[in-house]
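Working through the structure, step by step
Each chain is listed here by its residues.
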Amino acid sequence: MFNEKRFLVIGAHPDDADLVFGGTALKLTKAGHQVKFVSVANGDGGHQSMDRKELAERRYAETQASAKIAGLEEYQVLDNSDCTLEASLENRAKIVRIIREFEPDVVISHRIYDYHADHRATSQLVQDASFMVTVPLYCPEVPVPDVWPVFAYSWDRFQQPVSFRADATVIIDDVIGEKLAMMNCHTSQFYEWLPWNKGYKDFNVNTMTEEQKVRWLTENWLCRNAKQAEIYLPEDQKAVYVESFEQSEYGRMVSTEEFARLFSC
């Protein structure tokens, strides 16, 4: 008997969820499960030349194009500006309402050990919301869900004060082309802002072939997924690309085996 699972992925910016969960989302939605992405900030700070309003509108359109490829239930973008995101009481209530309304089995977000202040604020918001989801008198207009979600972290490379632990790994080799297509939707980031921020001031996507675009994304971004495969997969399990997840001590706790099964398609 098929048991539908519901996954809520909460990133700081448009494209964060695509990077850490895009392949897993594709596999889950193809198998009939429900996936929703949330961007807590609207992306209005991620460019070297566009004004904030125009950029936020453009980035929202990019999320909706990616959502169609992934088969998401929704790609929701909250109206918070980049670089000023706070783990405020107002934002905490918003996250609690989103979790309750979607009723996920699993909620995934950043770890709090991160280079970007917006990522850290998002992680703090989700951690703060994890217990509040169960408190009926908090945000009483939205009922407490029947099942307390499992909370989890997406992969990052940071080692201090504690490194990431892979409690579940998902091989995404079979959907890597579609994950690349999702990333390709975020033109303002992967072909404009991020190259410029990396020091490629004369980067021009308009002169690139499709093959060159794929190579650029693969060498600069999918290398993260290749690194996870190298570190976390056992020697007898061969794959090139992996997305991995760590169970949080907040929320409903399950065994390591059950946690890994949650991500199986």
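Residues numbered from 1 in each chain as written. Predicted model: local features only at pLDDT ≥ 70, side-chain atom pairs only at ≥ 80, totals over all residues. Heavy atoms only, no water.

What the rule picks out here adds up to 13 aromatic pairs. Seen from their ring centres, W193 and W196 are 5.9 Å apart, and the 25 degrees between their planes marks the pair as stacked. Of this pair, W193 and W196 both sit in helix α6 (residues 187-197), separated by 3 residues, roughly a single helical turn. Aromatic rings pair up to connect F7, F21, F37, Y75, F245, F259 and F263 into one cluster. In this structure, R6 is placed above the aromatic ring of F102, and the distance from its NZ or CZ to the ring centre is 4.2 Å. (Phe/Tyr/Trp six-rings, centres within 6.5 Å; stacked < 30°, edge-to-face > 60°. Helix = DSSP H or I, 4+ residues; strand = E, 2+ residues; numbered from the N terminus. Lys NZ or Arg CZ within 6 Å of the ring centre and 35° of its normal.)

Running from N to C, helix α3 (residues 89-102) and helix α4 (residues 117-132) cross one another at 60 degrees; their axes reach a closest spacing of 9 Å. Taken together, the axis directions place α3 and α4 in an arrangement best described as oblique. At the point where α3 passes α4, the crossing takes the right-handed sense. Residue-level contacts link N91, R92, I95, V96, I99 and R100 of α3 to L125, V126, D128, A129 and M132 of α4. (Axes fitted to C-alpha atoms, helices over the stretch in contact; angles between N-to-C directions. Parallel < 35°, antiparallel > 145°, perpendicular 65-115°, else oblique. Left-handed = near helix turned anticlockwise from the far one by under 90°. Contact = heavy atoms within 4.5 Å.)

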